[in-house]
Amino acid sequence: HQHQHQQQQRRLSGLRGCADVIVARGTKGFGPLTVTPAAVQPAEMAPSSTAGPDERLASLRKAMAGADGGEGVHAFLIPTEDPHMSEYPPGCFARREWISRFTGTAGTAVVTTDKALLWTDGRYFLQAGKELGPEWTLMKAGTPGCPDIEDWLAEHLPDGGRVGIDPFVHTVDSARKLTSKLEAAGKSLVPLLADGNLVDAAWGSERPAMPMAPVRVHSDEWSGESVADKVKRTAADVTRVGADALLVTALDETAWLTNLRGGDVECNPVFVSYAIVRKDATASLYVDASKVSADARAALAAGGVELADYKAMVPDVAALAASGKRIVIDPSKVSFALYCAAKEAASAAAAGAAATEDACQPGSRKRRAPSHTALAPAAGPAPKLFVEAPSTVNAAKALKNAREMAGMREAHLRDAVAFVDFFCYMEGHLGSGGTLTEVEVDEQLTKRRAAQPGFIGAAFPTIAGAGANGAIIHYRPMPDSCLTVDGGTMLLLDSGGQYDCGTTDITRTMHYGQPTELQKTAYTRVLQGHIALDTATFPEGTPGCALDVLARAALWKEGLNYRHGTGHGVGAALNVHEGPQSISARFGNTTGLQARMVCSNEPGYYEDGSFGVRIENLVELAEVDTPYRFGGTPYLGFKAMTLVPISTKLIKRELLSDAEVSWLDAYHAQVWESVSPRLEGKPAEQLEWLRRNTRPLNEQLKA
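About the cut-offs
- Residues numbered from 1 in each chain as written.
- Predicted model: local features only at pLDDT ≥ 70, side-chain atom pairs only at ≥ 80, totals over all residues.
- Heavy atoms only, no water.
- Helix = DSSP H or I, 4+ residues; strand = E, 2+ residues; numbered from the N terminus.
- Buried < 20%, exposed > 50% of the residue type's maximum accessible area, 1.4 Å probe, protein only.
- Pairing = 2+ DSSP bridges.
- Axes fitted to C-alpha atoms, helices over the stretch in contact; angles between N-to-C directions.
- Contact = heavy atoms within 4.5 Å.

Once that is clear, we can look at unusual backbone geometry. The linkage connecting Gly 579 with the following residue, Pro 580, adopts the cis geometry, with an omega of 10°. Phi angles above zero are rare outside glycine, and Asp 68 is one such case at about 55°. Inspection of the secondary structure puts Asp 68 in the loop between helix H2 (55-66) and strand S2 (75-79). Of note, Ala 573 is a non-glycine position whose phi angle comes to about 55°, a positive value. Within the secondary structure layout, Ala 573 lies in the loop between strand S24 (567-569) and strand S25 (578-583). Residue class for Ala 573 comes out buried when judged on its relative accessible area of 4%.

Put into structure tokens, the structure is as follows:
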């Protein structure tokens, strides 16, 4: 066994010396935040729910024991991500959710021969504590005393321990980080290709099939750039770095590049696919062709994009490498499986050996050798096989063109009309003694969104948190456990819509009874943070982490804080969370903010077991006029896209400065001017509701 361990270490030695730009898995969107010890519980907590052994864990451990030709693994990692590193995976790839029963959107499960652990960030501590079974331990990522996954494995596994992964759901970066930590501790990473994902063996016939939603054309009216032009622009990027082809593996990137949309992922208009763009401005889209409509096929052909079978991606990448082509990859996005398939093909070609593309085929059970042997890059492949760089498609997608920006603004106006109708209904219904469950709140809002032109669906599952549920940052109400909203309830409502023209994301917090002093203080401080960020002026290229403090400073004065980032990028009729930019205390993301990006502005506060506050608008980044321009650098500011009144009932007027009151009054004046014309022909009470709730603050507080 020791000899086999040494062999495995040698096989993986090719990963040493690679650039180590690490992106922690399962921390997209807000990401974790280290908070003061007083704000958290111990990093490990074993919540109790159902009694008895966990049959899913037992089945997985049986598969672990027989993995890799019977050699077995001591631990198996199950991240949230799918082969495309999606934040929201399709049902068939929701392995972490299935094995742990934790339904949050971020987290990684680690199962050993005798332990089951889940790492997640501060958005989900309360939720995970409720959903995990008694055999699970909650690891509170980002809190003092909670080790990173690779450090925990290095410390707790036995000497010579073997850590199994499905290389299709781990990035190059994450595999490098794991390899480095494990090798230093005398342990090894075992990429299990021939076995398939071990969770699938435990899941069995109950595992959902691959999604088959139809793929449709995203209208030129809202895309603003043809497929051919996007491919040419991307091909120029490939040529610029001296490469031959670029791998596009993220689902929102293939959708944006091809001006197509789908429905394979709940709330995300994407479809399971890969793409390759070559320097000669040709491209291939790897997708199940039966899902692609005739119109979509014609649009692809016109753009110089050929259709290829989804399963052909791995052998085609291997063929590129074997033919000596240089390949551009983003190591924080591309799977370890694609990376190793290319390296092995290049090594085999260099040695004059036959290519082994069939061994890299997803789902293959052909065993030429132990699966980790087939994946581990041999020493001495072509030294310039890869150009590693952040995805240029992702960067281009983040900078909205004029039509995309117009579509986003239009989507927010449609959303505003739905919200006026909804809030008018809520006040009347609750004011007359009616009640609604949290699920019914979602249904009432969705019904009104669906009445708007071009509505496709929700942008994410609605967070309707009444009372204590508002403190669960990414709470999702369920019919059998949700709370009731009545005339005395504080309600946090975070929701979004997907329209044909754009994507929305908005949070409003309301109180339909009499708020406490703490609730009013917290709400007002959150509002002040929102205003401080919204009114910021800063040089173009400033990273979001440099601005995050503006949204927290008012809360800090009270000794309060929140365990999530302040802002995320938003796609244009695409995913509600997109990169590369963010506004967060995570200093690792140094992506500079640029004009034409769209971000959220959403500070909050959450009193565990009592209430939650969040105020969120989407904003566009635009150049602002300044008296000077130091170094010739443009200066940027934020412009509101969300146009829905901010509740004033929870405001403590004495905490606000005159400038902050002026900001709120100006925002409400903008809402009235922009939205009131859209209410023509609507019931008169809706226009009256909008008028009342956009009056100057002092008038509202006197009423």
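Turning to the pairing of strand S5 (residues 136-140), a few remarks are in order. Counting buried positions along S5 gives five out of five residues, so the element sits mostly inside the fold. The two faces of S5 match: Trp 136, Leu 138 and Lys 140 on one face and Thr 137 and Met 139 on the other face are all buried. The sheet contact formed by strand S4 (residues 116-120) and S5 spans five bridges and is parallel. Residue pairing in the sheet places Trp 119 in a bridge with Met 139 of S5.

Now for the sheet that holds strand S18 (residues 463-466). With respect to topology, three strands assemble into an open sheet ordered S18-S20-S22, the strand pairing being antiparallel. Edge positions in the open sheet fall to S18 and strand S22 (506-511), since each of these has one partner strand only. Each neighbouring strand pair of the sheet contributes to a mean axis angle of 10°, computed without reference to strand direction. Sheet topology places S18 next to strand S20 (residues 490-495); four bridges connect them, and they run antiparallel. Bridging from a neighbouring strand, Ala 466 pairs with Leu 491 of S20. Here helix H17 (residues 438-450) sits on the sheet in contact with S18, S20 and S22, set at roughly 45° to S20.

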